[in-house]
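Observations on chain architecture
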Amino acid sequence: MESVVANRYATALYGVAREDGSERELFDELEAVDVLMRENPELLKLLGAPTLPKAKRCEILDRVFTGRISATLLNFLKILAEKRRINHWQGVVGEYRRLYYEQHNIAVARVTTARPLSEELESSIREKLSQTIGKQIVLEKKVDASILGGVVLDFDGERMDTSVRTQLGKIRKQILSNGIA
């Protein structure tokens, strides 16, 4: 049910943004507000409190966001709060992001490395993936020292794992299956 609710609200918001050509601006605002909400989960909890009257919720949103975000997004937040749907916030942001990426030919690739990527390597990965799948690439980077080296790349439902950990695991299996150990 949560994804259905989030999808409905995100689709409605995206439709409004598309009408006035503000999809990108609204995308950026949503991302910024989402960071704020994640850093301050008590705000989301307060706005979703069943005992807090609707008028008070809107007043809080006005105090926090007036002059900092567009009237469109502020009104949208008020609607979520008034209709007790603010707890679907992260789902709405995720659905809006998905719609935006879909409409603008953007794909997400998750790259895991043992150490942070250099800008040069990040750019190279983004460019090669973009050429391969024909979309702009947004890289979600993760550092995981346990892979020891190499890269694990997840995109378009596929995984390319050239990590040292995986390669060592394959060698180990070979050795064990040949009865060498």
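Our subject is the structure listed above.
Presented here is a report on the structure given in the accompanying data block. These numbers were taken from a predicted model, which means no experiment stands behind them. (Residues numbered from 1 in each chain as written. Predicted model: local features only at pLDDT ≥ 70, side-chain atom pairs only at ≥ 80, totals over all residues. Heavy atoms only, no water.)

**Regarding the packing of aromatic side chains**
Counting across every chain of the model gives five aromatic pairs. Centre to centre, the rings of F27 and Y101 are 5.8 Å apart; their planes meet at 45°, and the pair counts as tilted. Of this pair, F27 sits in helix α2 (residues 23–39) while Y101 is found in helix α6 (residues 89–103), placing the two residues 74 residues apart along the sequence. Looking at Y101, the relative accessible area reads 13%, which means it is buried. Of the aromatic side chains, those joined through ring pairs into one cluster are F27, Y100 and Y101. (Phe/Tyr/Trp six-rings, centres within 6.5 Å; stacked < 30°, edge-to-face > 60°. Helix = DSSP H or I, 4+ residues; strand = E, 2+ residues; numbered from the N terminus. Buried < 20%, exposed > 50% of the residue type's maximum accessible area, 1.4 Å probe, protein only.)

**Observations concerning the side chain of T113**
Residue placement: T113 occurs in strand β1 (residues 106–113). Polar contacts involving the side chain of T113 include one to the main-chain carbonyl oxygen of R115, which spans 2.6 Å. Excluding its chain neighbours within four sequence positions, the residues that come into contact with T113 are K142, V143, D144, I147, G150 and V151. (Polar contact = N/O pair within 3.5 Å; in protein donor to acceptor, adjacent residues only side chain to side chain. Contact = heavy atoms within 4.5 Å.)

**Looking at the layout of surface pockets**
There is about 160 Å³ of room inside the largest pocket. Along its surface, the largest pocket is lined by I106, A107, V108, R110, K135, D154, F155, D156 and G157. When contributions to the lining of the largest pocket are tallied by element, the ones reaching two or more residues are β1 and β3 (151–155). Ranked by residue count, the leading element in the lining of the largest pocket is β1, at four residues. Taken together, the residues of the lining of the largest pocket sort by class into four nonpolar, one polar and four charged. (1 Å grid on protein atoms, 1.4 Å probe; cavity = no way out; pocket = protein on both sides within 12 Å on 5 of 7 lines; lining within 4 Å. Points joined across faces, edges and corners; volume = space filled by probe spheres on them. Nonpolar A, V, L, I, M, F, W, Y, C, P; charged D, E, K, R; others polar.)

**Comments concerning the side chain of E122**
Tracing the backbone through its elements, the reader meets E122 in helix α7 (residues 119–133). In terms of polar contacts, E122 uses its side chain to reach the side chain of K141, at 3.1 Å. Dropping the residues within four chain positions of it, E122 is found in contact with L117, L139 and K141.

**Some details on α6**
When the terminal C-alpha atoms of α6 are compared, their 21 Å separation across 15 residues agrees well with the 21 Å that a helix rising 1.5 Å per residue should span. The set of residues buried in α6 consists of W89, V92, V93, E95, Y96, L99, Y100 and Y101. Among the residues trailing α6, N105 stands out with phi positive, at a value near 55°. (Expected span 1.5 Å × (residues − 1).)

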